[in-house]
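The chain contents come next:
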Amino acid sequence: MPNTDRPRTYRLREYTVTRDQEPDAEPHAYAMQCAVCFETGPPDADPDTAHGWVPAHLRAHPAHLTYREHVTRPYRAIPGRWL
Ligand SMILES: [Zn+2]
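Just so we're clear, the structure is a prediction, and the values are computed from it rather than from any experiment.

This part takes up the coordination of the zinc ion. Only Cys34 (SG), Cys37 (SG), His57 (NE2) and His64 (ND1) from the protein reach the zinc ion as donors, at distances of 2.1 to 2.3 Å. Relative to the metal, the four donor atoms surrounding the zinc ion lie at angles of 106 to 117 degrees, and the coordination shape comes out tetrahedral. Donor residues for the zinc ion, ordered by position in the chain, follow C-x2-C-x19-H-x6-H.

The structure is reproduced here in structure tokens:
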């Protein structure tokens, strides 16, 4: 059981949230998802390629008429000065 009687000190720090363009950043990607069965097409950096999954899914499931696009755009929090 944690000791809740002991005083604690916290320091605050500024952060800047920015697009992550570091070499280890998650890739920027698009993917389409069927809103009926939730199946998702393969992610791709080119949105037109990602959208190409929809007609193939529609051929296999003619009643699945609604879709959503997921965009993965990585961001990174950069630590700044201590307050
Ligand atoms: Zn579907």
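From this point, things continue past the structure.
The topology assignment puts Tyr67 in strand β3 (residues 67–72). For Tyr67, a relative accessible area of 22% gives the class partly exposed. Apart from the residues lying within four places of it in its own chain, the contact partners of Tyr67 are Met32, Gln33, Cys34, Ala35, Trp53, Val54, His57 and Leu58. For Tyr67, the side chain forms a polar contact with the main-chain oxygen of His64, separated by 2.8 Å.

What the rule picks out here adds up to three salt bridges. Two residues, Arg76 and Asp20, come together in a salt bridge whose shortest N-O distance is 2.9 Å. On the criterion of sequence distance, the pair formed by Arg76 in strand β4 (residues 75–82) and Asp20 in the loop between β1 (13–19) and β2 (29–34) is long-range, its members being 56 residues apart. The class of Arg76 is partly exposed, set by a relative accessible area of 28%. Members of the salt-bridge network, linked through shared partners, are Asp20, Asp24 and Arg76.

Calculation criteria
- Each chain has its residues counted from 1, following the order in which its sequence is written.
- Selection of residues for local features in this predicted model requires a pLDDT of at least 70, selection of side-chain atom pairs for listing and counting requires 80 or more, and totals for whole chains, interfaces and linings are taken over all residues.
- Water and hydrogen atoms were dropped before computing side-chain values, which therefore reflect all heavy atoms in the structure.
- Counted as donors are N, O and S atoms no farther than 2.8 Å from the metal, or 3.2 Å for Na, K and Ca; water is not among the atoms, and sites may therefore look incomplete.
- Sites are called tetrahedral only when four donors show all angles between 85 and 135 degrees, square planar or octahedral only when four or six donors show opposite pairs over 155 degrees and all other angles between 65 and 115, and irregular in any remaining case.
- Secondary structure elements follow DSSP: runs of H or I of four or more residues count as helices, runs of E of two or more count as strands, with numbering from the N terminus.
- For each residue, the accessible area found with a 1.4 Å probe, counting protein chains only, is set against the maximum for its type, and the residue is called buried under 20%, exposed over 50%, and partly exposed in between.
- Should any heavy atoms of two residues lie within 4.5 Å, those residues are counted as being in contact.
- We define a polar contact as two N or O atoms separated by no more than 3.5 Å, with the added condition that, inside protein, one atom must be a possible hydrogen donor and the other a possible acceptor, whereas residues neighbouring each other in sequence contribute only through side-chain atom pairs.
- Take a side-chain nitrogen of Lys or Arg and a carboxyl oxygen of Asp or Glu: if they are within 4 Å of each other, that pair is a salt bridge.

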